[in-house]
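Observations on the three-dimensional arrangement
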Amino acid sequence: MTPLLLSLKLALVTSLVLLALGLPLAWWLAFTRFRLRFLAEAIVALPIVLPPTVLGFYLLVVLGSQGWLGQAWQRMTGHTLAFSFEGLVVGSVIYSLPFAVQPFTAALGGVDRRLLEASASLGAGAWRTFLRVTLPLALPGILTGVALSFAHTLGEFGVVLMLGGNIPGKTQTASIAIFDNVQMLDYATAGRQSLTLMAISFALLVLIYGLDRGRSWRLR
Amino acid sequence: MSAPGILSFDVELALGGFSLRCAFHVEREVVVLFGASGAGKTSILESIAGFRRPERGRIEIGGRVLFDAASGAFVPVHLRRVGYLSQQPALFPHMTVGENIAYGLHDMASAEREVRVRAMMERFHIAALSGRKPGAISGGEQQRAALARAMVCEPEALLLDEPLSALDQRLKSVLLELLFDWQLERQVPMLYVTHDQQEAYSLARRLLVVECGQITADGDPRQVLDAPASREQAARAGFENLIEAEIEERHTELGTMTCHLRHDLRLETPLVEKRPGDVVTLALRAGDILVAIERPSGLSARNIVPGVVETVEDRAGMVELTVLCGSTTLKVHVTRGARQSLAIEAGRAVWLVIKTQSIRYLRG
């Protein structure tokens, strides 16, 4: 698998996992009355400020063949989590967590509570209210979160390097391949790869801001 | 415990700064909850709807327990079958008007749902708007759709929190009629919150006054509002003038008394069970006082008092005068036209005409 395809696959899997895990977490953050919610918010935001090497180091410790999670994984599957695609997914999910959960939380919390109350008083339980009212109204923000986490994973470098090593076809993503090619003074390949990565990221951001624009236009 | 259809409410609930303690029953009737904002009216509705969980007490509709602190029972909002509507229509912006109205009928066969939704839309004259989004219709149409949406579910009680206060007078009366027709037909308890005294008078035969979390009066709106229990309630009921007076003489045979205000102004007032020398607070609406520029004669009104206009303030729709009579200042409302034709200015000497029966007393 080429580095670029691997990057795209990693980004896709990561953003889908984040959609599945991040939505319930965001729901909880948006609606809980738990007094220590700010603590959970700080933990979710941590990957934004941590150097990827720090995050990668801890992940390596936990996921490696000596780590508890790494050992459990090895017993189940027969291979280590570190230096594998699955390991990259775990790392990326944590690394991109705030980029999904923060827009999700804002979108869910931004739905007018009076609409949720109206839904309930019209006989809709929590699940039905979520599917018919909350989700459709929060959809632009949720799509933004998915696209942002996809783009962020695509640009990931430090965590992958720490965690995945640099195994071509297995854990060598586009950003690492660029680094490699520069090291080998292959500027032509590095330039091509950089341009492709930039084009994809830019297209994604255009999509995100376009979505945001579309939403405010529709409300008017 | 209670008969079918009756809403019974007996609840204690902590509000910011004070606690609400209320107990009342609502039969298959319309009851107005009247009081200042912050008095606890909305909290009462929210407790019945299930948006708020009281600390103590019990709420029932037609014998069905919605909340009981003793047993820990608390029926969630979506199972209460209580309609709720506030000033905001809260229509779902991503659905059409028709979809909004059908929203509460989700477990009904689609053919029947269609029929019901259509009938309700025709009743509210919004059938033509069925395919439109809420953002594309007017405020009055939105509120109509919201009412239709709540009513099509056939709730066992209807809670209305100043639902029409954002609408103009004409729309208001149209919607009120639709509302009351529906209530007559369905015969469910209906609670209508308002802080507008005009509404409080005209809406229902029964009125509950809520003040600081307590029900301070319950009865016919005229009786309740014409015998205000407190200064605050008097002001809400539109008694702009509250004046301390001492009873001078009782005229039992005439059904009146003479009271004096600081010895320099005498008024004939309705007879009540008080003795000469007692101090009472007279309550008088600014709009119930007539202004004349010459001393009128041949009038049935017993009180014709001279005074001098102190201030003239043009307000929306009317003019408020303050008139000094003796050493008492009275507020008087006149129309703009009256002010112009009588050329009323500050400093002008006038005569005030006050009917005995328009004078009320603050209770207590």
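Residues numbered from 1 in each chain as written. Chains lettered and ligands numbered in written order. Predicted model: local features only at pLDDT ≥ 70, side-chain atom pairs only at ≥ 80, totals over all residues.

1. Overview of the overall build of chain A
Using the following cut-off: Strands here mean DSSP runs of E at least two residues long; helices mean DSSP runs of H or I at least four residues long; both are numbered from the N terminus. Residue burial here comes from a neighbour count, namely the number of other C-beta atoms, placed from the backbone, that lie within 10 Å of the residue's own C-beta, with 20 or more meaning buried, 12 or fewer meaning exposed, and in between meaning partly exposed.
What chain A contains, in helices and strands, is 10 helices and 0 strands. Each helix (α) and strand (β) of chain A, taken in turn from the N terminus, gives the series α-α-α-α-α-α-α-α-α-α. C-alpha extents for chain A along the principal axes are approximately 65 × 40 × 30 Å. Sorting the 220 residues of chain A into buried and exposed places 36% on the buried side.

2. Focus: the interface of chain B and chain A
It is common to report an interface's size as the accessible area lost on association of the parts. To keep things clear, this is the line we draw: Distance between backbone-placed C-beta atoms decides contact: two residues are in contact if it is within 7 Å. Charged means Asp, Glu, Lys or Arg here, nonpolar means Ala, Val, Leu, Ile, Met, Phe, Trp, Tyr, Cys or Pro, and polar covers whatever is left, Gly included.
Contact with chain B, which involves 15 residues of that partner, is made by 13 residues of chain A. With 3 residues, the top contributor of residues to the side of chain B that touches chain A is strand β7 (residues 82–85) of chain B. Residue composition of the side of chain B that touches chain A, by class: 9 nonpolar, 5 polar and 1 charged.

3. With respect to the nonpolar core
Note the cut-off: Here, a nonpolar core means buried Ala, Val, Leu, Ile, Met, Phe, Trp, Tyr and Cys residues linked by C-beta atoms lying within 7 Å of one another. Segmentation into domains, and thus their bounds, comes from an automatic or database assignment.
Core analysis: the biggest nonpolar cluster contains 135 residues, and L33, I101, A148, L159, L191 and Y192 of chain B have the highest contact counts within it. Residue contributions to this core peak at 11 residues, all from helix α5 (residues 85–109) of chain A. Here this core spans two domains, since at least three of its residues come from each of domain 1 (7–231) and domain 2 (239–361) of chain B. Excluding residues within four positions of it along the chain, L191 of chain B makes contact with V26, V31, L33, L45, L159 and L160 of chain B.

4. Quick notes on the environment of G277 of chain B
Residue and element names in this part refer to chain B. On the secondary structure map, G277 appears in the loop between β14 (265–270) and β15 (279–284). Under the C-beta neighbour-count criterion, G277 is labelled exposed, with 8 such atoms within 10 Å. Along the primary structure G277 and I247 are separated by 30 residues, whereas in three dimensions their C-alpha atoms are 5.3 Å apart. With residues near it in sequence (within four places) discarded, G277 still touches E246 and I247.

5. Points about helix α1 (residues 41–49) of chain B
All names here are of chain B. Counting buried residues in α1 gives 9 out of 9 residues, a clear majority hidden from the surface. Residues of α1 that are buried include every one of K41, T42, S43, I44, L45, E46, S47, I48 and A49, and no others. Positioned one or two residues after α1, G50 has a phi angle of 100°, which is positive.

6. Looking at the sheet that holds strand β12 (residues 241–251) of chain B
Residues and elements named next belong to chain B. To be explicit about the condition: DSSP bridges decide pairing: two strands pair if at least two such bridges lie between them.
Judged by pairing direction, the sheet is antiparallel, and its 5 strands sit side by side in the order β14-β13-β12-β15-β21 without closing on themselves. A strand with exactly one partner marks an edge of an open sheet, and here the two such strands are β14 and β21 (360–361). Inspection of the sheet shows β12 paired to β15 by 6 bridges, in the antiparallel sense. Each residue of the ladder has a partner; that of I243, found in β15, is L282.

7. Section: the domain arrangement of chain B
Residues and elements named next belong to chain B. Partitioning chain B into structural domains gives domain 1 (7–231) and domain 2 (239–361). One C-alpha centre belongs to domain 1, the other to domain 2; they are set 40 Å apart. Counting residues at the interface gives 4 residues for domain 1 and 4 residues for domain 2.

8. Digging into the confidence of the model for chain B
Caution applies to low-pLDDT parts of the model: their predicted coordinates are not meant to be read in detail. All names here are of chain B. This is how it is decided: The predictor reports its confidence for every residue as pLDDT, a score running from 0 up to 100.
On average, residues of chain B score 88 in pLDDT, and 98% of them are at 70 or above. At the low end of the mean pLDDT range in chain B sits helix α8 (residues 231–236), at 72; at the high end sits helix α2 (residues 97–102), at 96. Of the two predicted TM-score estimates for the complex, the pTM is 0.73 and the ipTM is 0.80.

9. What to know about the confidence of the model for chain A
Summing up the model confidence of chain A, the mean pLDDT is 89 and the portion of residues at 70 or higher is 96%. By mean pLDDT, the top-scoring element of chain A is helix α6 (residues 113–121) of chain A (95), and the lowest-scoring one is helix α10 (residues 187–219) of chain A (81).

10. A few points about the pairing of strand β10 (residues 206–211) of chain B
Residue and element names in this part refer to chain B. As paired elements, strand β3 (residues 30–34) and β10 share 4 bridges and run parallel to each other. Looking at β10, one finds that F34 is bridged to V209. In the sheet, β10 pairs with strand β11 (residues 214–219) via 5 bridges, with the strands oriented antiparallel. Bridge pairing in β11 places E211 opposite Q214. In this structure, the hairpin formed by β10 and β11 is closed by a connection of 2 residues, where C212 is found at a positive phi of approximately 45°.

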